[in-house]
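What follows is the residue order along each chain.
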Amino acid sequence: MYTIEQAERVAADYLRELAADWDHEVAMFPEDQYKAQKGEFFYFAFQGAKYVATRDDKYFLYGPCQISVHSVTGECRLLSTQESLEIDPFDAR
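Residues numbered from 1 in each chain as written. Predicted model: local features only at pLDDT ≥ 70, side-chain atom pairs only at ≥ 80, totals over all residues. Heavy atoms only, no water.

Undergrad: Any chance you could explain the side chain of Ser68 here in plain terms?
TA: Position of Ser68 among the secondary structure elements: in strand 4 (residues 66–70). On the basis of relative accessible area, Ser68 is assigned to the buried category, the value being 2%. (Helix = DSSP H or I, 4+ residues; strand = E, 2+ residues; numbered from the N terminus. Buried < 20%, exposed > 50% of the residue type's maximum accessible area, 1.4 Å probe, protein only.)

Undergrad: Help me out: how do you make sense of helix 1 (residues 4–18) in this one?
TA: Residues spaced three or four apart along an α-helix point in a common direction, a consequence of the helix completing one turn every 3.6 residues. Along its 15 residues, helix 1 runs 20 Å from first to last C-alpha, staying within 8% of the 21 Å computed at 1.5 Å per residue. Listed as buried for helix 1 are Ala7, Ala11 and Leu15. Considered in projection along helix 1, the buried side chains sweep an arc of 75° and stay on one side of the axis. The exposed set on the far side of helix 1, more than 90 degrees from its buried face, consists of Arg9, Arg16 and Glu17. Close packing links the buried residues of helix 1 with strand 1 (26–28), strand 3 (41–48), strand 4 and strand 5 (76–78). (Expected span 1.5 Å × (residues − 1). Arc of directions from axis to C-beta. Contact = heavy atoms within 4.5 Å.)

Undergrad: Sorry if this is basic, but what is going on with the packing of aromatic side chains here?
TA: Each pair of aromatic rings is reported with the distance of its centres and the angle of its planes. Applying the stated criterion to the full structure yields seven aromatic pairs. Look at Phe41 and Tyr43: their rings are 6.3 Å apart centre to centre, the planes differ by 40°, and that puts the pair in the tilted class. In this structure Phe41 comes out as partly exposed when scored by relative accessible area, which is 29%. Ring geometry for Tyr51 and Phe60: centres 5.2 Å apart, planes at 80°, overall edge-to-face. For Phe60, a relative accessible area of 30% puts it in the partly exposed group. An aromatic cluster of three or more residues is present, and its members are Phe29, Tyr34, Tyr51, Phe60, Tyr62 and Phe90. (Phe/Tyr/Trp six-rings, centres within 6.5 Å; stacked < 30°, edge-to-face > 60°.)

Undergrad: Can you help me understand the pairing of strand 3 in this one?
TA: Within strand 3, seven of the eight residues are buried, which leaves the element mostly enclosed by the surrounding structure. Where strand 1 lies against strand 3, three bridges are found, and the strand directions are antiparallel. Paired with Val26 across the bridge in strand 3 is Gly48. Looking at chain direction, strand 2 (residues 35–38) and strand 3 are connected through four bridges and run antiparallel. Across the sheet, Gln37 pairs through a bridge with Phe42, a residue of strand 3. Hairpin connection between strand 2 and strand 3: a loop of two residues separates the two successive antiparallel strands, and Gly39 in this loop has a positive phi of roughly 60°. As defined by bridge partners, strand 3 adjoins strand 4 across five bridges and the pair is classed as antiparallel. Bridge pairing in strand 4 links Phe41 to His70. (Pairing = 2+ DSSP bridges.)

Structural measurements only, silent on function.
Below, the structure written as structure tokens:
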């Protein structure tokens, strides 16, 4: 079983591989409010690297920007917009 720290490293590696061909550099949010565990999954938020560094809205990337990591298998995937809203991993609502 993964700890949240281990799952975060797995998610960061997954994001790095996934985003290698993207037009924008992305980064995971470092703050704890963008990391969560619900049930068998860990959740992490990411955004454009310039947005994470500056929080300037002109660098904000739209779309589902959340990764789930299964706590046992370590399987990663991006959440769809619908899943993000339904799961609400960071209790935004």
